[in-house]
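These are the residues of each chain, in order.
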Amino acid sequence: RRHRKSAERTRCKNQKRKLANAYIQNNKVTPFAYMNNRPIIGISVNYKDGTSRIADAYVNAIVQAGALPMLLPVVNDEPTLAAMVRHIDGLLLTGGGDIDPNYFGETIIPECGAIDATRDAYDMRLITYARRYQTPILGICRGMQILNVQMGGTLYQDIYVQNSDKQLLPHDQG
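Residues numbered from 1 in each chain as written. Predicted model: local features only at pLDDT ≥ 70, side-chain atom pairs only at ≥ 80, totals over all residues. Heavy atoms only, no water.

(A) Representation of unusual backbone geometry. Phi angles above zero are rare outside glycine, and Asp49 is one such case at about 50 degrees. Examined against the element boundaries, Asp49 turns out to sit in the loop between β4 (46–48) and β5 (51–53). At Gln134, a residue that is not glycine, the phi angle is positive and equals roughly 55 degrees. Structurally, the position occupied by Gln134 is in the loop between α5 (117–132) and β8 (137–139). Among the residues examined, Gln134 registers a relative accessible area of 71% and is labelled exposed. (Helix = DSSP H or I, 4+ residues; strand = E, 2+ residues; numbered from the N terminus. Buried < 20%, exposed > 50% of the residue type's maximum accessible area, 1.4 Å probe, protein only.)

As structure tokens, this is what we get:
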């Protein structure tokens, strides 16, 4: 009788261990949504007047692609930010304002657009954690630019001013 209880306990522990391992992949806890075959895509946000926000188009595109969107609010607590990134299956770096030229070794020129130091630092930290956890990253507009800068690249602050000797196509974000 004692042997049967011990065997049952061992079998129960093994089942729990298998269940727990089923939700851990590549040393990364797999989000609950993944169990339903819908990856969670973390979306970087803009930060204005103490509010984290993003255009609905980003959220709707993630839903239409069959994934679950998760807005990643601007937080200063490193363990919290790291945990948010650790629990997503992909990171979408969204568009926004210009990036502080100090990040790519330049001083700001008058034609550079609005800079948000909080957003710059937040995006840089998101990329750092996503790379650490080997989370796929997609950058759109500013998102691709900050990814470039974080990897050591540079940007034109104002392509027309910094390339006035070349024929360039007109561009307007509006």
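(B) Broad picture of the side chain of Asp100. Position of Asp100 among the secondary structure elements: in the loop between β7 (90–93) and α5. Nearest to the buried, unbridged Asp100 among oppositely charged side chains is Arg142, at 9.8 Å. Among the polar contacts made by the side chain of Asp100, one reaches the main-chain amide nitrogen of Asn102 at a distance of 2.9 Å. Every residue in contact with Asp100, bar those within four places of it in the chain, is listed here: Ile115 and Asp120. (Lys, Arg positive; Asp, Glu negative; His and termini not counted. Salt bridge = Lys/Arg side-chain N within 4 Å of Asp/Glu carboxyl O. Polar contact = N/O pair within 3.5 Å; in protein donor to acceptor, adjacent residues only side chain to side chain. Contact = heavy atoms within 4.5 Å.)

(C) Up close: the packing of aromatic side chains. Inspection of the entire model under this criterion finds one aromatic pair. For the pair Tyr129 and Tyr133, a centre-to-centre distance of 6.4 Å together with 10 degrees between the ring planes defines the contact as stacked. Judged by relative accessible area, which is 9%, Tyr129 ranks as buried. (Phe/Tyr/Trp six-rings, centres within 6.5 Å; stacked < 30°, edge-to-face > 60°.)

(D) Here's a closer look at the packing of α5 against helix α6 (residues 142–150). Orientation of α5 relative to α6, taken along the N-to-C sense of each, is 70 degrees, at an axis distance of 10 Å. By the angle class used here, α5 and α6 are roughly perpendicular. Of the two possible hands of crossing, α5 and α6 adopt the one that is right-handed. Contacts between α5 and α6 involve Arg119, Asp120, Asp123, Met124, Ile127, Thr128 and Arg131 from the former and Arg142, Ile146, Leu147, Val149 and Gln150 from the latter. Grouping the constituent residues of the contact of α5 with α6 by class yields five nonpolar, two polar and five charged. (Axes fitted to C-alpha atoms, helices over the stretch in contact; angles between N-to-C directions. Parallel < 35°, antiparallel > 145°, perpendicular 65-115°, else oblique. Left-handed = near helix turned anticlockwise from the far one by under 90°. Nonpolar A, V, L, I, M, F, W, Y, C, P; charged D, E, K, R; others polar.)

(E) Focus on the side chain of Arg119. Within the secondary structure, Arg119 sits in helix α5. At 3.4 Å, the side chain of Arg119 and the side chain of Ser44 are in polar contact. Here Asn46 takes part through its side chain, which lies 2.3 Å from a polar atom of the side chain of Arg119. Leaving out residues up to four positions away in the same chain, Arg119 has contacts with Ser44, Val45, Asn46, Thr94, Gly95, Gly96 and Arg142.

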